[in-house]
Amino acid sequence: MTVLTLVALVWESPLLGTLLALIVLIACLVVGVHLSYVGKLLAVMLPFYLLMLITQGFFANDLIRSRTGQTTLTPLFSLPDSWWLVGGTTMSVEGLLYALNSMAKTLTMMLVIPLVVFTTDVNTMIVGLVKARVPYKIAFIFSSTLRFFPLLFGDVQAIIQAQRLRGLAFETMGPIRRLRVYARIAVPLILGAVVKSQQLEIVLQSKAFSGSPQRTYLHESRLAFADYAVLIFAGLFIVVAAVLYIAFDIGKFGGPL
Amino acid sequence: MKPSIETPAARSSDCRTEASAVFDGVSYLYPRTQEPALKDINLTILRGEFLGVIGPTGAGKTTLCLTLNGIVPQAFGGRFFGYVKVAGLDTLNHPISAMAQHVGMVFEDPDTQLTATSVENEIAFALENLRVPRDEMRRRISWALEIVRLEGKEHKHPFELSGGEKQRLAIAAALALRPEILVLDEPTSQLDPVGVQEVFAILRDLNRTLGITVVIAGHAAEEMAEHADRLALLVHGELVTTGTPEAVYGDVERLNKIGVRPPQVTETFYLLGNGTLPDLPVRLEDGLRLLETWPRTHACQGAPCEQPARPAPPVSSARQTTTPLLSAQALHHTYADGTQALKGISLEIHRGEYVLIAGQNGAGKSTLVKHFLNLLQPTLGTTSVNGIDTRRLRMSDLARIIGYVAQNPDHQIFTATVEDEVAFALRHLGRSTDQVSAAVTRSLEAVGLLDARDRHPLALPKGDRTRVIIAAVLAMDPEVLIFDEPTMGQDDQGAQAILDITRRLHQQGKTVVTITHHLHLMPAYAERMILMGKGVKLLDAPIRQALHDVDLLAATYLAPPQAVWLARALCEADEPGAAALVTPEDVAGCLAGQAPPMEVRH
């Protein structure tokens, strides 16, 4: 996860970035992340991406010139001069590519999260984290966040539904008004979370939880051959990527690939 | 059961004491409070005993449970007097984690008390904290799962379990500690009747077969009387009495004063003897036995006992000519994951009706009503409101015709005062200030919360929070009100207070639909009952007739009220007019030779 995120951050080649995002996407689908989930993610991001394409494509010319050292950009098409405010601006190929690159980056990072969550049993993760000398308390907080996230998500849906059932016509509301109504979700959500965490504290105490690392584990963390293989591959991948990046400019924006 | 695991009873065969837990002069005040939550409690809980803790909401039942493992006062602070000893250990001197080995706790909410992501890890969690070796852990997990009958589900995620299974898992997790005492705080109040039965069956097994001491707090009178050896009655933090279920539930006058409901069988014979009958029965079987010897009057004027063929819905000819307010025709709904929630439901609800929709969890009750609000759309078939297809109406328009009071009031409160909450939707709909304030006053008056208009909704007790939501929905002046499990998690008084509001609204001309498992309360309110099971409509009949269809009720895991069982027994014992008797008053009236109150009593 870390390796992929790191590489996604560093690589600025639109081609390699898109390839990486695609690989992660395919991996997600292979391990059974719901298509609808991925679809939702894309739907949420789509407006941002469109905005990115337009702004980068039209207006990021100076930025790109300084990044690539190119003095002229490849024009794709220009808007007529007569257009108000935007007249005369040129959509450049490099700008589009740069936007594509940013999209691939964010997408990779976002898709990596469900990939990890879906493929890793939380309990195995805790045991693994503790073995890797992460304090048990932190590992526990991490895992219980994952455990209670779906509950919180269910709450959000119930609250939004309750608001709509009060007869609020979101369809006809202005965006500011809508935002103000949505902000109200925080009230029951936060109070609900406070109540839940109080209950959870009582539950944990009565289960003898003290956050002490002095405990036993039902499952052992044993690294299997596949785990080592993945670790080695990840290590090699990052080294190769670094070497290519430094020595051959592969992965740099405007580099050979 | 695997013999390799020693039970607590066997472990402490030396029996320093026969007591599992002792309260000696215990009083307790939560921090920043003046009123004690517990007042001078003296109580000895015997080893192997099944103790029920009963009392109205706010009596201190939960506090009493939490003193047993030292969470009160160790985690809360506050002022604590006297001492509690569990398994010979003073709860003040031993850390909660040490007490946890001796006290297995089970709480009310099935979701918050499960902390792990698989069944076996849930059970292992407390054992891991107590540093139990891995092999021993494995043995205890399979032992505990076998007892609660969840074998084979080790690797399931708790989310995949039903409500009853979740509570059984919580019991298994507590049990794996091999505790001296198992303490359960309202473990069944969020469950449907199937879940309640599952949990009590397990507890009885544990107690009778393994001799584990069980302390359970709750409101389920019939189950408490059936299973408990002894009851402790708490009121305002005071232990009013302890005794056998016969002694505690038999004192109906005292219970009425306190606001605790006795089992229906007890109430029936209390009414029958005008309060003079000694030794009132508290279990159904005892009541049935007593009934056999009771002189026959042959004066029951309920419906004839021979069940007529299941009739058509009770639609009068006048109603048939008008457009139904709510209508579903051959409605199917299949969820995205492939679950067929509704399989061809057809029904019509007319203006001015009070309809009860009942059925087990997953029967499709909520799914059905969500179609009327356009929260869900039919997979096949149609739903309409006032004759208009719901798919053509916006949810915001529907919400002005149908007021929907959803289950959890805490998901529906968005503001800081009761008044703002009721005005919330109206303000966003751009009504004038005068209109809003008139509507707010009118709605708060209808639910009896006018005095609380400046209070914070979340500072109110749960029953009142539900009332705030009802008022907020009423402010829109809808024609129909749909209440989805409005009485969940409340004691009988709280449940009745809310149902009384629904009745008042019905009298004022609103159409009311109530979804609930609490059948025993409903004959006083609903006229018509729609029974659902696994996505189909099993029955649509007048409520008195429907409650006597015990086979169909059983098919969707609902138990009829005890009074119905008594009436069925009368039917079999040559009392031809005993059908349609559904409340203790009905049955007592019949046996006393009085005409039963056949109308829905207002």
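Residues numbered from 1 in each chain as written. Chains lettered and ligands numbered in written order. Predicted model: local features only at pLDDT ≥ 70, side-chain atom pairs only at ≥ 80, totals over all residues.

Residue and element names in this part refer to chain B. The pairing of strand β11 (residues 326-334) with strand β12 (residues 340-349) spans 7 bridges and is antiparallel. Bridge pairing in β12 links Ala328 to Leu347. The hairpin formed by β11 and β12 contains 5 residues between the paired strands, and Gly338 there has a positive phi angle of roughly 95°. (Pairing = 2+ DSSP bridges. Helix = DSSP H or I, 4+ residues; strand = E, 2+ residues; numbered from the N terminus.)

Averaged over chain A, the pLDDT score is 71; the fraction of residues at 70 or greater is 63%. Ranking the elements of chain A by mean pLDDT puts helix α1 (residues 2-10) of chain A last with 51 and helix α9 (residues 186-206) of chain A first with 84. (pLDDT = per-residue confidence, 0-100.)

Turning next to the pairing of strand β8 (residues 213-217) of chain B. Residues and elements named next belong to chain B. With respect to burial, β8 is a largely interior element, 5 of its 5 residues being buried. Judged by which residues are buried, β8 turns out to be covered on both faces: Thr213, Val215 and Ala217 on one side and Val214 and Ile216 on the other are all buried. Two strands pair when backbone bridges link them, and strand β3 (residues 50-54) and β8 are joined in this way by 4 bridges, in the parallel orientation. Paired with Leu51 across the strands is Val215, a residue of β8. Sheet topology places strand β7 (residues 181-185) next to β8; 5 bridges connect them, and they run parallel. Across the sheet, Leu184 pairs through a bridge with Ile216, a residue of β8. Crossover handedness for the path β7 to helix α8 (residues 193-210) to β8: right-handed. (Buried ≥ 20, exposed ≤ 12 C-beta atoms within 10 Å, placed from the backbone. Right-handed = clockwise from strand over helix to strand, strands pointing away.)

Residue and element names in this part refer to chain B. Taken in spatial order, the 6 strands of this open sheet run β16-β17-β18-β13-β19-β20, and their pairing is mixed. Two strands in the sheet have a free side with no partner beyond their single neighbour: β16 (402-405) and β20 (536-542). Ignoring strand direction, the axes of neighbouring strands in this sheet form an average angle of 15°. Running at roughly 150° to strand β18 (residues 511-515), helix α15 (residues 365-372) makes contact with β13 (354-358), β16, β17 (480-484), β18 and β19 (528-533) of the sheet. (Axes fitted to C-alpha atoms, helices over the stretch in contact; angles between N-to-C directions. Contact = placed C-beta atoms within 7 Å.)

To continue, consider the sheet that holds strand β15 (residues 388-389) of chain B. Residue and element names in this part refer to chain B. Reading across from one edge, β12-β11-β14-β15 is the order of the 4 strands in this open sheet, with antiparallel pairing throughout. Edge positions in the open sheet fall to β12 and β15, since each of these has one partner strand only. Judged from the 2 bridges that link them, strand β14 (residues 380-385) and β15 form a sheet pairing that is antiparallel. Paired with Val385 across the strands is Ile388, a residue of β15. Each of β11, β12 and β14 is contacted by α15, which is oriented at about 120° to β11, the strand it contacts most.

At the junction of the two partners, chain A supplies 41 residues and chain B supplies 53 residues. For the side of chain A that touches chain B, the elements supplying multiple residues, two or more each, are α6 (122-131), α7 (136-165) and α9 of chain A. Counted by class, the side of chain A that touches chain B contains 21 nonpolar, 11 polar and 9 charged residues. (Nonpolar A, V, L, I, M, F, W, Y, C, P; charged D, E, K, R; others polar.)

Residue and element names in this part refer to chain B. Averaged over every residue, the pLDDT of chain B is 88; the share at 70 or more is 93%. pLDDT under 50 marks residues 1-16. Its contacts with residues more than four places away, or in other chains, come to 19 contacts. Under a pLDDT of 50 for its full length, residues 596-602 has, in the predicted model, 12 contacts with residues more than four places off or in other chains. Here the prediction assigns the complex a pTM of 0.80, and the interface score ipTM is 0.82.

As a further point, take helix α12 (residues 264-272) of chain B. All names here are of chain B. Of all 9 residues in α12, 9 are buried, a share of seventy percent or more. Residues of α12 that are buried include every one of Gln264, Val265, Thr266, Glu267, Thr268, Phe269, Tyr270, Leu271 and Leu272, and no others. Packing partners of the buried residues in α12 comprise α10 (245-250), α11 (252-258), α13 (284-293), α23 (562-572) and α24 (584-591). Downstream of α12 by one or two residues, Asn274 has phi in the positive range, about 50°.

Let us look at the domain arrangement of chain B. Residues and elements named next belong to chain B. Once the domains are mapped, chain B shows domain 1 (8-262), domain 2 (268-310 + 563-602) and domain 3 (319-548). Here the C-alpha centroids of domain 2 and domain 3 sit 33 Å apart. The partner domain 3 presents 9 residues to the 11 residues of domain 2 that form the contact. For the side of domain 2 that touches domain 3, the residue count by class is 6 nonpolar, 2 polar and 3 charged. (Domains from an automatic or database assignment.)

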